Amino acid sequence: MKTRSIAKRAAGAAAAVAALALLAGCGGAETPSGDQSTGAAGSPGAADPAGGALVVGVTSDVDTLFPWKATQFNTVNVMQVIYGTLTEFDQDLNVAPGIAESWEISDDRLTLTFHLRQGVKFADGSDCDSADVKFSLDKIADEATAAVARAQLSSIASVAAPDAATVVLNLTSPDAGLVSSLASINVAILSSDDTEEALNETPNGTGPFKLKERKPSQSLTLERNGNYWGDPAKLDTVEFRVIPDETSIVTAMQSGNVHLAVFDDPLVAESAETSANAVIQEQAQLAYHVLQLNATKGELTDVNVRLAIQCAIDRQQVLDAAALGEGAITGPITSPAFRSDPSARPCPDRDLDKAAEYLAKAGKADGIKLKVMVSQGEYATSVNEAQSIQAQLADAKIEVELEVLESGAYVDRWLAADFDAAVALNGGRPDPDQAYSRYFTSTGNLNAVAGFSSPELDRLFAEGRSSASKEERESIYTEISSILEDNAAWVWLFTSYTYTATTADVSGYVPMANDSMQYLRTTALG
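Rules behind the numbers
- Residues numbered from 1 in each chain as written.
- Predicted model: local features only at pLDDT ≥ 70, side-chain atom pairs only at ≥ 80, totals over all residues.
- Heavy atoms only, no water.
- Pairing = 2+ DSSP bridges.
- Helix = DSSP H or I, 4+ residues; strand = E, 2+ residues; numbered from the N terminus.
- Axes fitted to C-alpha atoms, helices over the stretch in contact; angles between N-to-C directions.
- Buried < 20%, exposed > 50% of the residue type's maximum accessible area, 1.4 Å probe, protein only.
- Contact = heavy atoms within 4.5 Å.
- Disulfide = S-S within 2.5 Å.
- Salt bridge = Lys/Arg side-chain N within 4 Å of Asp/Glu carboxyl O.

In this section: the sheet that holds strand β5 (residues 111-116). Whether parallel or antiparallel, the strands of a sheet pair through hydrogen bonds between backbone atoms. With antiparallel pairing, four strands are arranged side by side in an open sheet as β4-β5-β7-β6. Pairing within the sheet leaves two strands with one partner each, and these edge strands are β4 (100-105) and β6 (156-163). Taking the axes of each pair of neighbouring strands and ignoring which way they run, one obtains an average angle of 20° across the sheet. Pairing of β6 with strand β7 (residues 166-171) involves five bridges; the strand directions are antiparallel. When the sheet's bridge partners are listed, Ser158 is paired in β7 with Asn170.

Here it is, written out as C-alpha coordinates:
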(Lines give C-alpha, C1' and ligand atoms only; values in the text may rest on other atoms or scores of the structure.)
Protein backbone atom coordinates (compact mmCIF):
# COMPACT_ATOMS: atom_id res chain seq x y z
CA MET A 1 0.00 0.00 0.00
CA LYS A 2 1.08 3.62 -0.31
CA THR A 3 2.82 5.02 2.73
CA ARG A 4 0.53 6.82 5.10
CA SER A 5 1.58 9.67 7.38
CA ILE A 6 3.76 8.70 10.34
CA ALA A 7 0.94 9.26 12.82
CA LYS A 8 -1.56 7.22 10.85
CA ARG A 9 0.92 4.42 10.32
CA ALA A 10 1.58 4.22 14.05
CA ALA A 11 -2.15 4.13 14.76
CA GLY A 12 -2.63 1.31 12.28
CA ALA A 13 0.33 -0.78 13.43
CA ALA A 14 -1.60 -3.30 15.50
CA ALA A 15 -4.15 -3.83 12.76
CA ALA A 16 -1.49 -4.47 10.14
CA VAL A 17 0.33 -6.98 12.31
CA ALA A 18 -2.96 -8.69 13.15
CA ALA A 19 -3.67 -9.02 9.46
CA LEU A 20 -0.83 -11.54 9.26
CA ALA A 21 -3.15 -13.94 11.10
CA LEU A 22 -5.02 -14.41 7.84
CA LEU A 23 -2.03 -16.12 6.24
CA ALA A 24 -3.28 -19.57 5.42
CA GLY A 25 0.11 -21.25 5.33
CA CYS A 26 1.09 -20.65 8.93
CA GLY A 27 -0.21 -23.90 10.35
CA GLY A 28 2.65 -25.95 8.91
CA ALA A 29 0.23 -28.40 7.28
CA GLU A 30 1.68 -31.44 5.55
CA THR A 31 -1.26 -32.07 3.25
CA PRO A 32 -0.60 -33.19 -0.32
CA SER A 33 -0.15 -30.44 -2.89
CA GLY A 34 -1.59 -30.41 -6.37
CA ASP A 35 0.36 -30.04 -9.60
CA GLN A 36 1.26 -26.42 -10.35
CA SER A 37 3.92 -27.16 -12.90
CA THR A 38 3.09 -24.18 -15.16
CA GLY A 39 5.05 -21.68 -13.10
CA ALA A 40 6.62 -20.75 -9.78
CA ALA A 41 4.59 -20.10 -6.64
CA GLY A 42 2.34 -17.10 -7.13
CA SER A 43 3.73 -16.32 -10.61
CA PRO A 44 1.44 -14.99 -13.32
CA GLY A 45 1.07 -16.82 -16.60
CA ALA A 46 4.05 -17.15 -18.90
CA ALA A 47 5.05 -13.96 -20.66
CA ASP A 48 7.99 -12.73 -22.72
CA PRO A 49 10.68 -11.07 -20.61
CA ALA A 50 10.34 -7.30 -20.59
CA GLY A 51 14.06 -6.63 -20.10
CA GLY A 52 15.76 -3.92 -18.11
CA ALA A 53 18.58 -3.55 -15.58
CA LEU A 54 17.21 -3.09 -12.05
CA VAL A 55 19.41 -1.66 -9.29
CA VAL A 56 18.57 -2.58 -5.69
CA GLY A 57 20.12 -0.46 -2.97
CA VAL A 58 21.38 -2.50 0.01
CA THR A 59 23.35 -1.47 3.09
CA SER A 60 25.62 -4.52 3.29
CA ASP A 61 27.34 -6.95 0.95
CA VAL A 62 26.63 -10.67 0.94
CA ASP A 63 28.90 -12.59 3.31
CA THR A 64 28.72 -15.95 1.51
CA LEU A 65 27.45 -17.38 -1.77
CA PHE A 66 26.76 -20.77 -0.19
CA PRO A 67 23.03 -21.04 0.61
CA TRP A 68 23.32 -23.68 3.34
CA LYS A 69 25.25 -21.21 5.52
CA ALA A 70 23.41 -17.98 4.68
CA THR A 71 22.08 -16.09 7.73
CA GLN A 72 22.57 -12.40 6.94
CA PHE A 73 19.36 -10.87 5.52
CA ASN A 74 20.81 -9.53 2.27
CA THR A 75 22.67 -12.78 1.65
CA VAL A 76 19.48 -14.79 2.11
CA ASN A 77 17.64 -12.46 -0.29
CA VAL A 78 20.25 -12.95 -3.01
CA MET A 79 20.34 -16.73 -2.53
CA GLN A 80 16.55 -16.91 -2.87
CA VAL A 81 16.65 -15.83 -6.51
CA ILE A 82 19.70 -17.92 -7.46
CA TYR A 83 18.73 -21.25 -5.88
CA GLY A 84 15.59 -23.38 -5.69
CA THR A 85 13.97 -25.55 -3.03
CA LEU A 86 11.66 -28.55 -3.05
CA THR A 87 8.77 -26.42 -1.82
CA GLU A 88 8.24 -22.65 -1.80
CA PHE A 89 6.08 -20.06 -0.08
CA ASP A 90 3.63 -18.05 -2.12
CA GLN A 91 3.02 -14.39 -1.33
CA ASP A 92 0.59 -15.34 1.47
CA LEU A 93 3.09 -17.83 2.96
CA ASN A 94 1.11 -20.85 1.87
CA VAL A 95 3.39 -23.78 1.05
CA ALA A 96 3.45 -24.26 -2.72
CA PRO A 97 5.32 -26.48 -5.20
CA GLY A 98 8.91 -25.65 -6.05
CA ILE A 99 11.29 -28.14 -7.64
CA ALA A 100 8.77 -30.74 -6.45
CA GLU A 101 5.50 -30.36 -8.33
CA SER A 102 3.53 -32.49 -5.85
CA TRP A 103 3.91 -34.67 -2.76
CA GLU A 104 1.93 -36.99 -0.52
CA ILE A 105 2.21 -38.19 3.07
CA SER A 106 1.54 -41.78 4.12
CA ASP A 107 -1.33 -42.64 6.48
CA ASP A 108 1.08 -43.18 9.38
CA ARG A 109 2.77 -39.83 8.55
CA LEU A 110 6.18 -41.49 8.45
CA THR A 111 6.80 -41.42 4.69
CA LEU A 112 6.81 -38.28 2.58
CA THR A 113 7.05 -38.79 -1.18
CA PHE A 114 7.95 -35.94 -3.55
CA HIS A 115 7.41 -35.96 -7.31
CA LEU A 116 9.91 -33.71 -9.08
CA ARG A 117 9.22 -31.50 -12.07
CA GLN A 118 10.51 -32.63 -15.41
CA GLY A 119 13.15 -30.51 -17.10
CA VAL A 120 14.57 -28.70 -14.06
CA LYS A 121 18.17 -27.67 -14.73
CA PHE A 122 20.96 -25.95 -12.86
CA ALA A 123 22.36 -22.69 -14.21
CA ASP A 124 25.26 -24.59 -15.82
CA GLY A 125 22.75 -26.58 -17.89
CA SER A 126 23.05 -29.88 -16.02
CA ASP A 127 19.90 -31.73 -14.98
CA CYS A 128 18.50 -31.50 -11.45
CA ASP A 129 17.06 -34.84 -10.42
CA SER A 130 16.40 -36.99 -7.36
CA ALA A 131 20.10 -37.81 -6.91
CA ASP A 132 20.79 -34.11 -6.36
CA VAL A 133 17.92 -33.83 -3.88
CA LYS A 134 19.16 -36.85 -1.93
CA PHE A 135 22.72 -35.50 -1.98
CA SER A 136 21.55 -32.10 -0.71
CA LEU A 137 19.36 -33.36 2.12
CA ASP A 138 21.99 -35.88 3.25
CA LYS A 139 24.72 -33.24 3.28
CA ILE A 140 22.60 -30.67 5.15
CA ALA A 141 21.84 -33.31 7.80
CA ASP A 142 25.55 -34.11 8.18
CA GLU A 143 26.91 -32.25 11.19
CA ALA A 144 30.26 -31.82 9.41
CA THR A 145 28.61 -29.57 6.80
CA ALA A 146 27.68 -27.02 9.50
CA ALA A 147 24.48 -26.16 7.63
CA VAL A 148 22.29 -23.72 9.54
CA ALA A 149 19.12 -25.71 8.76
CA ARG A 150 20.38 -29.09 10.00
CA ALA A 151 17.99 -29.18 12.98
CA GLN A 152 15.02 -28.63 10.66
CA LEU A 153 15.72 -31.99 9.01
CA SER A 154 16.22 -33.94 12.25
CA SER A 155 13.08 -36.02 11.70
CA ILE A 156 14.43 -37.51 8.45
CA ALA A 157 15.84 -41.01 9.03
CA SER A 158 16.80 -41.62 5.41
CA VAL A 159 16.33 -40.28 1.89
CA ALA A 160 15.68 -42.56 -1.07
CA ALA A 161 15.71 -41.81 -4.80
CA PRO A 162 13.88 -44.77 -6.41
CA ASP A 163 13.89 -43.04 -9.81
CA ALA A 164 15.07 -39.75 -11.27
CA ALA A 165 11.77 -37.97 -10.59
CA THR A 166 10.90 -39.36 -7.13
CA VAL A 167 12.30 -38.65 -3.67
CA VAL A 168 11.12 -40.53 -0.58
CA LEU A 169 11.77 -39.22 2.93
CA ASN A 170 11.52 -41.85 5.66
CA LEU A 171 10.88 -40.16 9.00
CA THR A 172 11.71 -41.17 12.55
CA SER A 173 8.47 -39.55 13.70
CA PRO A 174 5.74 -37.41 12.15
CA ASP A 175 6.85 -33.85 11.39
CA ALA A 176 4.07 -31.31 10.95
CA GLY A 177 6.41 -28.55 9.83
CA LEU A 178 8.72 -30.43 7.49
CA VAL A 179 7.10 -29.41 4.19
CA SER A 180 7.32 -25.80 5.34
CA SER A 181 10.94 -26.24 6.45
CA LEU A 182 11.87 -27.50 2.98
CA ALA A 183 10.88 -24.10 1.56
CA SER A 184 13.80 -22.40 3.34
CA ILE A 185 16.66 -21.30 1.10
CA ASN A 186 18.96 -22.84 3.72
CA VAL A 187 17.64 -26.16 2.34
CA ALA A 188 18.40 -25.24 -1.28
CA ILE A 189 18.93 -28.12 -3.69
CA LEU A 190 22.49 -28.20 -5.02
CA SER A 191 24.12 -30.26 -7.74
CA SER A 192 25.85 -33.37 -6.42
CA ASP A 193 28.84 -32.35 -8.57
CA ASP A 194 29.34 -29.05 -6.72
CA THR A 195 31.32 -28.16 -3.60
CA GLU A 196 31.07 -25.30 -1.11
CA GLU A 197 34.37 -23.90 -2.36
CA ALA A 198 33.23 -23.93 -5.99
CA LEU A 199 29.83 -22.40 -5.23
CA ASN A 200 31.39 -19.56 -3.26
CA GLU A 201 33.10 -18.62 -6.52
CA THR A 202 30.34 -19.45 -9.01
CA PRO A 203 26.84 -20.20 -7.66
CA ASN A 204 24.98 -22.89 -9.59
CA GLY A 205 21.30 -22.94 -8.73
CA THR A 206 17.92 -23.67 -10.27
CA GLY A 207 16.48 -20.21 -9.58
CA PRO A 208 15.37 -17.44 -11.97
CA PHE A 209 18.73 -15.61 -11.89
CA LYS A 210 22.42 -16.52 -12.01
CA LEU A 211 25.58 -14.66 -11.08
CA LYS A 212 26.96 -12.27 -13.69
CA GLU A 213 29.54 -10.26 -11.74
CA ARG A 214 30.64 -9.59 -8.19
CA LYS A 215 32.67 -6.66 -6.90
CA PRO A 216 33.20 -7.36 -3.18
CA SER A 217 31.91 -4.61 -0.89
CA GLN A 218 30.55 -2.75 -3.93
CA SER A 219 27.99 -4.74 -5.88
CA LEU A 220 26.71 -8.13 -6.96
CA THR A 221 24.97 -8.41 -10.33
CA LEU A 222 22.67 -11.23 -11.41
CA GLU A 223 21.37 -11.98 -14.90
CA ARG A 224 18.35 -13.92 -16.10
CA ASN A 225 18.85 -17.69 -15.92
CA GLY A 226 17.76 -19.08 -19.26
CA ASN A 227 17.57 -22.58 -17.76
CA TYR A 228 15.00 -21.65 -15.11
CA TRP A 229 12.07 -24.08 -15.06
CA GLY A 230 9.39 -21.45 -14.34
CA ASP A 231 8.27 -18.35 -16.17
CA PRO A 232 11.43 -16.49 -17.20
CA ALA A 233 12.40 -13.48 -15.13
CA LYS A 234 11.32 -10.24 -16.78
CA LEU A 235 14.50 -8.36 -15.93
CA ASP A 236 17.75 -8.80 -17.84
CA THR A 237 19.84 -8.07 -14.74
CA VAL A 238 19.49 -7.22 -11.05
CA GLU A 239 22.35 -5.39 -9.36
CA PHE A 240 22.54 -5.34 -5.56
CA ARG A 241 24.52 -2.13 -5.01
CA VAL A 242 26.11 -1.63 -1.59
CA ILE A 243 25.37 1.83 -0.17
CA PRO A 244 26.30 2.00 3.52
CA ASP A 245 23.25 3.77 4.93
CA GLU A 246 19.58 4.10 4.07
CA THR A 247 19.67 7.90 3.75
CA SER A 248 22.31 7.63 1.03
CA ILE A 249 20.12 5.10 -0.78
CA VAL A 250 17.35 7.71 -0.89
CA THR A 251 19.80 10.15 -2.47
CA ALA A 252 20.67 7.50 -5.06
CA MET A 253 16.96 7.03 -5.79
CA GLN A 254 16.59 10.79 -6.29
CA SER A 255 19.32 10.74 -8.93
CA GLY A 256 17.87 7.68 -10.66
CA ASN A 257 20.77 5.38 -9.73
CA VAL A 258 18.65 3.01 -7.59
CA HIS A 259 15.21 1.64 -8.51
CA LEU A 260 14.27 -0.44 -5.46
CA ALA A 261 15.20 -0.56 -1.79
CA VAL A 262 13.75 -2.09 1.36
CA PHE A 263 13.95 0.24 4.36
CA ASP A 264 13.62 -0.49 8.08
CA ASP A 265 13.41 3.15 9.19
CA PRO A 266 9.97 4.71 8.62
CA LEU A 267 11.43 8.22 8.47
CA VAL A 268 13.75 7.17 5.65
CA ALA A 269 10.76 5.65 3.84
CA GLU A 270 8.88 8.92 4.28
CA SER A 271 11.86 10.78 2.86
CA ALA A 272 12.02 8.43 -0.14
CA GLU A 273 8.36 9.09 -0.87
CA THR A 274 8.55 12.88 -0.59
CA SER A 275 12.00 13.60 -2.03
CA ALA A 276 12.46 10.79 -4.54
CA ASN A 277 8.78 10.33 -5.50
CA ALA A 278 9.08 6.67 -4.58
CA VAL A 279 6.10 4.37 -4.22
CA ILE A 280 6.14 2.81 -0.73
CA GLN A 281 4.70 -0.59 0.19
CA GLU A 282 4.48 -1.24 3.94
CA GLN A 283 4.67 -4.88 5.07
CA ALA A 284 4.37 -6.25 8.61
CA GLN A 285 7.13 -8.78 9.28
CA LEU A 286 7.46 -12.13 11.03
CA ALA A 287 11.07 -11.20 11.91
CA TYR A 288 11.57 -10.14 15.53
CA HIS A 289 13.89 -7.71 17.29
CA VAL A 290 15.46 -9.27 20.35
CA LEU A 291 18.15 -8.85 22.98
CA GLN A 292 19.87 -12.24 22.93
CA LEU A 293 21.34 -13.27 26.27
CA ASN A 294 24.00 -15.97 26.28
CA ALA A 295 23.10 -17.95 29.40
CA THR A 296 26.42 -19.80 29.27
CA LYS A 297 28.47 -16.63 29.85
CA GLY A 298 29.52 -15.10 33.18
CA GLU A 299 26.78 -13.54 35.29
CA LEU A 300 24.15 -14.40 32.65
CA THR A 301 24.30 -18.02 33.80
CA ASP A 302 22.13 -16.87 36.74
CA VAL A 303 18.47 -16.74 35.74
CA ASN A 304 17.90 -13.95 38.26
CA VAL A 305 20.36 -11.70 36.41
CA ARG A 306 18.59 -12.42 33.11
CA LEU A 307 15.19 -11.72 34.70
CA ALA A 308 16.51 -8.44 36.08
CA ILE A 309 17.47 -7.42 32.54
CA GLN A 310 14.03 -8.41 31.26
CA CYS A 311 12.26 -6.42 33.98
CA ALA A 312 14.41 -3.31 33.44
CA ILE A 313 13.49 -2.92 29.76
CA ASP A 314 10.41 -1.06 28.50
CA ARG A 315 9.86 -2.72 25.13
CA GLN A 316 7.52 0.01 23.90
CA GLN A 317 10.18 2.59 24.66
CA VAL A 318 12.69 0.63 22.55
CA LEU A 319 10.16 0.40 19.71
CA ASP A 320 9.41 4.11 19.92
CA ALA A 321 13.11 5.02 19.88
CA ALA A 322 14.01 2.67 17.06
CA ALA A 323 11.00 2.76 14.75
CA LEU A 324 8.73 5.59 15.89
CA GLY A 325 6.39 3.06 17.50
CA GLU A 326 5.62 1.38 14.18
CA GLY A 327 5.34 -2.27 15.10
CA ALA A 328 4.04 -4.46 17.90
CA ILE A 329 5.49 -5.70 21.19
CA THR A 330 6.14 -9.43 20.87
CA GLY A 331 6.86 -12.61 22.74
CA PRO A 332 8.96 -15.41 21.28
CA ILE A 333 6.62 -16.79 18.61
CA THR A 334 5.56 -14.39 15.85
CA SER A 335 3.84 -16.94 13.60
CA PRO A 336 0.21 -15.76 13.43
CA ALA A 337 -1.22 -19.24 13.98
CA PHE A 338 0.80 -19.72 17.20
CA ARG A 339 1.58 -16.15 18.25
CA SER A 340 2.84 -15.73 21.83
CA ASP A 341 1.01 -13.49 24.27
CA PRO A 342 3.53 -10.66 24.75
CA SER A 343 2.27 -10.00 28.28
CA ALA A 344 2.80 -13.60 29.46
CA ARG A 345 6.16 -13.05 31.13
CA PRO A 346 7.46 -12.29 34.65
CA CYS A 347 7.59 -8.56 33.85
CA PRO A 348 5.01 -7.68 31.18
CA ASP A 349 5.83 -4.01 31.86
CA ARG A 350 9.01 -2.34 33.02
CA ASP A 351 9.46 -2.85 36.78
CA LEU A 352 12.67 -1.47 38.27
CA ASP A 353 11.75 -2.62 41.78
CA LYS A 354 11.42 -6.20 40.56
CA ALA A 355 14.66 -5.87 38.60
CA ALA A 356 16.39 -4.83 41.84
CA GLU A 357 14.89 -7.84 43.65
CA TYR A 358 16.21 -10.21 41.01
CA LEU A 359 19.70 -8.67 41.16
CA ALA A 360 19.64 -9.01 44.95
CA LYS A 361 18.68 -12.70 44.62
CA ALA A 362 21.69 -13.13 42.38
CA GLY A 363 23.91 -11.45 44.97
CA LYS A 364 24.43 -8.48 42.64
CA ALA A 365 22.55 -5.74 44.47
CA ASP A 366 25.29 -3.25 43.60
CA GLY A 367 24.81 -3.90 39.90
CA ILE A 368 26.61 -5.64 37.02
CA LYS A 369 28.43 -4.82 33.81
CA LEU A 370 27.24 -6.22 30.49
CA LYS A 371 28.78 -6.19 27.00
CA VAL A 372 26.20 -6.01 24.21
CA MET A 373 27.17 -6.72 20.60
CA VAL A 374 25.45 -4.63 17.91
CA SER A 375 25.52 -4.86 14.10
CA GLN A 376 25.86 -1.63 12.16
CA GLY A 377 24.79 -1.77 8.54
CA GLU A 378 22.61 -4.84 8.22
CA TYR A 379 19.46 -3.05 9.41
CA ALA A 380 18.88 0.59 10.24
CA THR A 381 17.38 0.47 13.73
CA SER A 382 20.01 -1.64 15.51
CA VAL A 383 22.09 1.14 17.10
CA ASN A 384 19.01 3.09 18.22
CA GLU A 385 17.65 -0.07 19.84
CA ALA A 386 20.94 -0.71 21.60
CA GLN A 387 21.23 2.84 22.89
CA SER A 388 17.69 2.73 24.27
CA ILE A 389 18.44 -0.56 26.04
CA GLN A 390 21.73 0.84 27.36
CA ALA A 391 20.02 3.89 28.87
CA GLN A 392 17.20 1.87 30.41
CA LEU A 393 19.46 -0.76 31.97
CA ALA A 394 21.57 1.98 33.55
CA ASP A 395 18.53 2.85 35.71
CA ALA A 396 18.71 -0.71 37.09
CA LYS A 397 22.44 -0.56 37.91
CA ILE A 398 23.29 -2.58 34.81
CA GLU A 399 26.14 -0.83 33.03
CA VAL A 400 26.15 -1.67 29.33
CA GLU A 401 29.15 -1.43 27.04
CA LEU A 402 28.13 -1.47 23.39
CA GLU A 403 30.33 -3.29 20.88
CA VAL A 404 29.29 -1.90 17.49
CA LEU A 405 30.55 -4.11 14.65
CA GLU A 406 30.40 -4.14 10.87
CA SER A 407 27.74 -6.64 9.78
CA GLY A 408 30.20 -9.29 8.54
CA ALA A 409 32.19 -9.25 11.77
CA TYR A 410 28.95 -9.34 13.74
CA VAL A 411 27.68 -12.42 11.89
CA ASP A 412 31.00 -14.22 12.44
CA ARG A 413 30.90 -13.50 16.17
CA TRP A 414 27.20 -14.38 16.35
CA LEU A 415 27.65 -17.77 14.67
CA ALA A 416 30.58 -18.52 16.97
CA ALA A 417 28.45 -17.57 20.02
CA ASP A 418 31.27 -15.18 20.89
CA PHE A 419 29.20 -12.65 22.82
CA ASP A 420 27.58 -12.07 26.19
CA ALA A 421 24.52 -10.33 24.78
CA ALA A 422 23.56 -9.21 21.28
CA VAL A 423 20.93 -6.92 19.78
CA ALA A 424 19.57 -8.95 16.88
CA LEU A 425 16.93 -9.01 14.19
CA ASN A 426 16.12 -12.68 13.59
CA GLY A 427 14.00 -14.01 10.77
CA GLY A 428 10.56 -15.30 11.71
CA ARG A 429 9.04 -18.46 10.24
CA PRO A 430 5.47 -19.57 9.55
CA ASP A 431 6.01 -22.67 11.69
CA PRO A 432 7.41 -22.32 15.26
CA ASP A 433 9.47 -25.51 15.03
CA GLN A 434 11.26 -24.15 11.98
CA ALA A 435 11.87 -20.90 13.85
CA TYR A 436 13.15 -22.19 17.18
CA SER A 437 14.09 -25.89 17.33
CA ARG A 438 17.50 -25.04 15.88
CA TYR A 439 18.05 -22.60 18.76
CA PHE A 440 16.47 -24.03 21.91
CA THR A 441 16.89 -27.80 21.66
CA SER A 442 20.03 -29.47 23.00
CA THR A 443 20.81 -30.91 19.54
CA GLY A 444 19.92 -27.74 17.63
CA ASN A 445 22.76 -26.61 15.40
CA LEU A 446 22.38 -23.01 16.67
CA ASN A 447 21.95 -23.95 20.33
CA ALA A 448 25.35 -22.48 21.18
CA VAL A 449 24.14 -19.18 19.72
CA ALA A 450 20.93 -19.37 21.76
CA GLY A 451 22.76 -20.27 24.96
CA PHE A 452 19.77 -22.06 26.48
CA SER A 453 18.08 -25.46 26.32
CA SER A 454 16.53 -28.02 28.66
CA PRO A 455 15.20 -31.60 28.57
CA GLU A 456 11.70 -30.17 28.90
CA LEU A 457 12.16 -28.02 25.81
CA ASP A 458 13.57 -31.01 23.91
CA ARG A 459 10.45 -32.99 24.80
CA LEU A 460 8.03 -30.19 23.92
CA PHE A 461 9.62 -29.44 20.56
CA ALA A 462 9.47 -33.14 19.68
CA GLU A 463 5.80 -33.27 20.65
CA GLY A 464 4.99 -30.11 18.70
CA ARG A 465 6.73 -31.47 15.62
CA SER A 466 4.92 -34.81 15.70
CA SER A 467 1.40 -33.63 16.55
CA ALA A 468 -1.20 -33.39 13.79
CA SER A 469 -3.62 -31.43 15.98
CA LYS A 470 -3.61 -27.65 15.54
CA GLU A 471 -5.06 -27.18 19.04
CA GLU A 472 -2.48 -29.47 20.61
CA ARG A 473 0.34 -27.67 18.84
CA GLU A 474 -0.98 -24.31 20.03
CA SER A 475 -0.90 -25.56 23.61
CA ILE A 476 2.62 -26.96 23.22
CA TYR A 477 4.05 -23.77 21.75
CA THR A 478 2.35 -21.69 24.44
CA GLU A 479 4.20 -23.82 27.00
CA ILE A 480 7.47 -23.43 25.11
CA SER A 481 6.99 -19.67 25.03
CA SER A 482 6.33 -19.61 28.78
CA ILE A 483 9.53 -21.54 29.53
CA LEU A 484 11.59 -19.18 27.40
CA GLU A 485 10.06 -16.09 29.00
CA ASP A 486 10.12 -17.41 32.59
CA ASN A 487 13.83 -18.15 32.21
CA ALA A 488 14.53 -14.92 30.30
CA ALA A 489 16.40 -16.99 27.72
CA TRP A 490 16.33 -13.86 25.58
CA VAL A 491 14.45 -10.57 25.87
CA TRP A 492 12.00 -10.44 22.97
CA LEU A 493 11.24 -6.84 22.02
CA PHE A 494 9.04 -6.16 19.00
CA THR A 495 8.11 -6.95 15.43
CA SER A 496 8.16 -4.17 12.88
CA TYR A 497 7.63 -3.31 9.23
CA THR A 498 9.65 -3.14 6.09
CA TYR A 499 9.04 -0.30 3.65
CA THR A 500 9.70 -1.22 0.04
CA ALA A 501 10.47 1.87 -2.02
CA THR A 502 10.32 1.65 -5.80
CA THR A 503 10.66 4.23 -8.54
CA ALA A 504 7.62 4.84 -10.73
CA ASP A 505 8.91 2.63 -13.54
CA VAL A 506 9.09 -0.52 -11.37
CA SER A 507 6.16 -2.95 -11.37
CA GLY A 508 5.38 -6.50 -10.30
CA TYR A 509 7.40 -6.61 -7.07
CA VAL A 510 5.58 -8.22 -4.11
CA PRO A 511 6.92 -7.68 -0.54
CA MET A 512 6.50 -10.67 1.77
CA ALA A 513 6.01 -11.07 5.52
CA ASN A 514 9.08 -13.32 5.75
CA ASP A 515 11.23 -10.58 4.15
CA SER A 516 11.85 -12.67 1.02
CA MET A 517 12.70 -10.89 -2.23
CA GLN A 518 11.73 -13.91 -4.34
CA TYR A 519 9.32 -11.81 -6.40
CA LEU A 520 12.19 -10.08 -8.14
CA ARG A 521 11.44 -12.84 -10.64
CA THR A 522 8.12 -11.13 -11.52
CA THR A 523 9.46 -7.56 -11.34
CA ALA A 524 9.59 -5.42 -14.47
CA LEU A 525 11.27 -2.09 -15.24
CA GLY A 526 9.83 0.48 -17.61
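So, on to helix α3 (residues 73-82). Among the ten residues that make up α3, ten are buried, leaving the element largely enclosed by the rest of the structure. Of all the residues in α3, the buried ones are Phe73, Asn74, Thr75, Val76, Asn77, Val78, Met79, Gln80, Val81 and Ile82. In the core, the buried residues of α3 are packed alongside β1 (53-58), β8 (209-215), β9 (219-224), β10 (237-242), β12 (279-293) and β16 (421-426).

Once that is clear, we can look at unusual backbone geometry. Not every positive phi belongs to a glycine, and Ala488 is a case in point at roughly 45°. Ala488 sits in the buried class, given a relative accessible area of 0%. The phi dihedral of Asp515 falls on the positive side, at around 75°, and the residue is not glycine. Relative to the elements of secondary structure, Asp515 occurs in the loop between β18 (506-507) and β19 (524-525).

Turning to the state of the cysteines, a few remarks are in order. As enumerated under the stated definition, the model contains one disulfide in all. Here Cys311 is linked by a disulfide to Cys347, with a sulfur-sulfur distance of 1.9 Å. Classification of the bridge connecting Cys311 and Cys347 rests on its S-S torsion, roughly 85°, and on that basis the disulfide is right-handed. Here the residue Cys311 occupies a position in helix α9 (residues 303-312), and Cys347 occupies one in the loop between β13 (328-329) and α11 (352-361), the gap between them amounting to 36 residues. For Cys311, a relative accessible area of 0% puts it in the buried group.

This brings us to the side chain of Ser180. Tracing the sequence through the fold places Ser180 in helix α5 (residues 178-181). For Ser180, a relative accessible area of 0% puts it in the buried group. Every residue in contact with Ser180, bar those within four places of it in the chain, is listed here: Phe89, Val95, Pro430, Asp431 and Gln434.

Inspection of the entire model under this criterion finds 17 salt bridges. With its nearest N and O atoms 2.9 Å apart, the salt bridge here joins Asp138 to Lys134. Of this pair, Asp138 and Lys134 both sit in helix α4 (residues 130-141), four residues apart, which is roughly one turn of the helix. Residue classification places Asp138 among the partly exposed positions, given a relative accessible area of 33%. Ionic pairing is found between Asp236 and Arg224, a salt bridge with its closest N-O pair at 2.9 Å. Of this pair, Asp236 sits in the loop between β9 and β10 while Arg224 sits in strand β9; the two residues are twelve residues apart in sequence, bridging distant segments of the chain. One salt-bridge network, in which partners are shared between bridges, spans Glu403, Arg413 and Asp418.

Of the pairings in the sheet, the one linking strand β14 (residues 368-376) to strand β15 (residues 398-406) comprises nine bridges and is parallel in character. The residue of β15 that forms the bridge with Leu370 is Val400. Across two bridges, the pairing between β14 and β16 is parallel. Its bridge partner lying in β16, Val372 is registered against Ala421.

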